[in-house]
Amino acid sequence: LQPLLRQVYDFPAEDVPLKARTVGRVERDDFTIEKVIYETEPTSSVPAHLFVPKGVTFPVPALIFPSGHGGSKSAVYNHYAGQIYARAGLICLIPDPVGEEERDEEGRAGVRGHRLDFRVDRCFEVGRSVIGKMTYDIVRGIDYLCERPEVDRDRIGCVGHSLGCTITMNVLCTDDRLALSLPASWVTHFDFIVGELSCEWRPYRLKHFVDMPEQIALGAPRCATLVLAGEWDYAPRAYQGLLETCRQVRRVYEVCGVPERFDVHITLKGGHRPYFLNKPAFAWVEKHLGMPRFDAESVDALPEVYLGDWADAHDIEIERGYRSHKHYAGT
């Protein structure tokens, strides 16, 4: 299926050299933020932050973070994630997606530029889908991680929520290198949301081959996947789609003989949140990728704080639509 799905997502026939370069560094006590740029296609450059831990023995595991709608490498949830996972000893790559921050003509962040009509029309003109381009850029980000000698190529994970969750599932079904994935907010089932939602970004012909259960199950048996969701993030039918998808994926992992490599964590009364910042996700990464600086017991002992309280204490703005405790602030 993977070659067919790469065609559905309009991947180029050949990969070009990444021409990666580091253009700046920000030093912190226990990690460095490298400002990197790499080319995914001719004239298509991706600026990204690479969080590299200090005081560890390389190579180490790595995570790549596709962003949610309006997110980019400077989004509060991404930057927080880059720091906490780097402090755990992992390398984190957080790229700007199409239409955001340094990939917007005016350098704007949070504008959801991938949805702007003129940009969608450009893609149609050249026979490409926006979601396909965004997915391919993340796959090339995995290529970049594999070129870094500090990265353990056998321990790479993909982590994203909202639109980033969709892209994580897209990567699972088009690339076989992931050892871990955390698709968060939101996994459901296309058959349960017909006529209700368009933001799951189904490219033309996708359902000729797969639905969400197959997308996720294509990671089996190698990829340890934890689906993360909030109870109040779903309409009733969509919530049933989540449960049905997880039921089907769990069955595939059981058939493959690795039932422990798939699970779902649903936060009661939780809304639309970057659940990969929560302790269950952190513990999943420790268990299945390994953390140079933490074991399971030390992860369990870590303190927790609401993202909203943390942001208020540091005068950091959370996007208005997600500022409530039900959504981002309650993470």
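Residues numbered from 1 in each chain as written. Predicted model: local features only at pLDDT ≥ 70, side-chain atom pairs only at ≥ 80, totals over all residues. Heavy atoms only, no water.

Novice: What exactly am I supposed to notice about the overall build of the chain here?
Specialist: When its secondary structure is counted, the chain shows ten helices and nine strands. Taking 2.2 N^0.38 as the reference for a compact globule, 331 residues should give roughly 20 Å; the C-alpha atoms of the chain span a radius of gyration of 18 Å, in line with that estimate. The C-alpha extent of the chain, read off along each of the three principal axes, is 50 × 45 × 40 Å. Buried residues in the chain amount to 58% of all 331 residues. Across the chain, contacts joining residues at least 24 apart in sequence account for 69% of those joining residues at least 6 apart. For the chain, the accessible area works out to roughly 14200 Å², and carbon and sulfur atoms hold 51% of it. Mean positive and mean negative side-chain charge positions of the chain (39 and 48 charges, respectively) differ by 1 Å. (Helix = DSSP H or I, 4+ residues; strand = E, 2+ residues; numbered from the N terminus. Rg over C-alpha atoms; globule rule 2.2 N^0.38 Å. Buried < 20%, exposed > 50% of the residue type's maximum accessible area, 1.4 Å probe, protein only. Contact = heavy atoms within 4.5 Å. Areas by Shrake-Rupley, 256 points an atom, 1.4 Å probe, with all protein chains shown as cover. Lys, Arg positive; Asp, Glu negative; His and termini not counted. Charge placed at Lys NZ, Arg CZ, Asp CG, Glu CD.)

Novice: When you look at the sheet that holds strand β3 (residues 44-53) in this model, what are you seeing that I'm missing?
Specialist: Neighbouring strands of a sheet are bound in pairs by backbone hydrogen bonds; such pairs are parallel or else antiparallel. Strand order in the open sheet made by the nine strands is β1-β2-β3-β5-β4-β6-β7-β8-β9, with mixed pairing throughout. Two strands close off the open sheet at either side, each with one partner strand: β1 (21-27) and β9 (262-267). Each neighbouring strand pair of the sheet contributes to a mean axis angle of 20°, computed without reference to strand direction. Across three bridges, the pairing between strand β4 (residues 60-64) and strand β5 (residues 91-95) is parallel. Along β5, the bridge assignment pairs I64 with L93. Seen against the sheet, helix α4 (residues 130-147) touches β2 (31-41), β3, β4, β5 and β6 (151-161) and runs at an angle of roughly 125° to β2. (Pairing = 2+ DSSP bridges. Axes fitted to C-alpha atoms, helices over the stretch in contact; angles between N-to-C directions.)

Novice: Can you help me understand helix α5 (residues 163-172) in this one?
Specialist: The periodicity of an α-helix, 3.6 residues per turn, causes residues three or four positions apart to be oriented the same way. Burial analysis of α5 places ten of its ten residues in the buried class, the great majority of the element. Within α5, burial applies to L163, G164, C165, T166, I167, T168, M169, N170, V171 and L172. Its buried side turned inward, α5 meets α1 (2-8), α4, β6, β7 (180-184), α6 (212-217) and β8 (224-230).

Novice: In this structure, what is going on with the pattern of salt bridges? I would like to understand it.
Specialist: Where charged atoms from two side chains of opposite charge come close, those side chains can pair. Following the criterion strictly, the structure yields 22 salt bridges and no others. As a salt-bridge pair, D152 and R155 come within 2.8 Å of each other at their nearest N and O atoms. What makes D152 buried here is its relative accessible area of 18%. Overall, the relative accessible area of 26% leaves R155 in the partly exposed class. For D211, the salt bridge is made with K207, and the minimal N-O distance between the two is 3.1 Å. On the basis of relative accessible area, K207 is assigned to the partly exposed category, the value being 40%. (Salt bridge = Lys/Arg side-chain N within 4 Å of Asp/Glu carboxyl O.)

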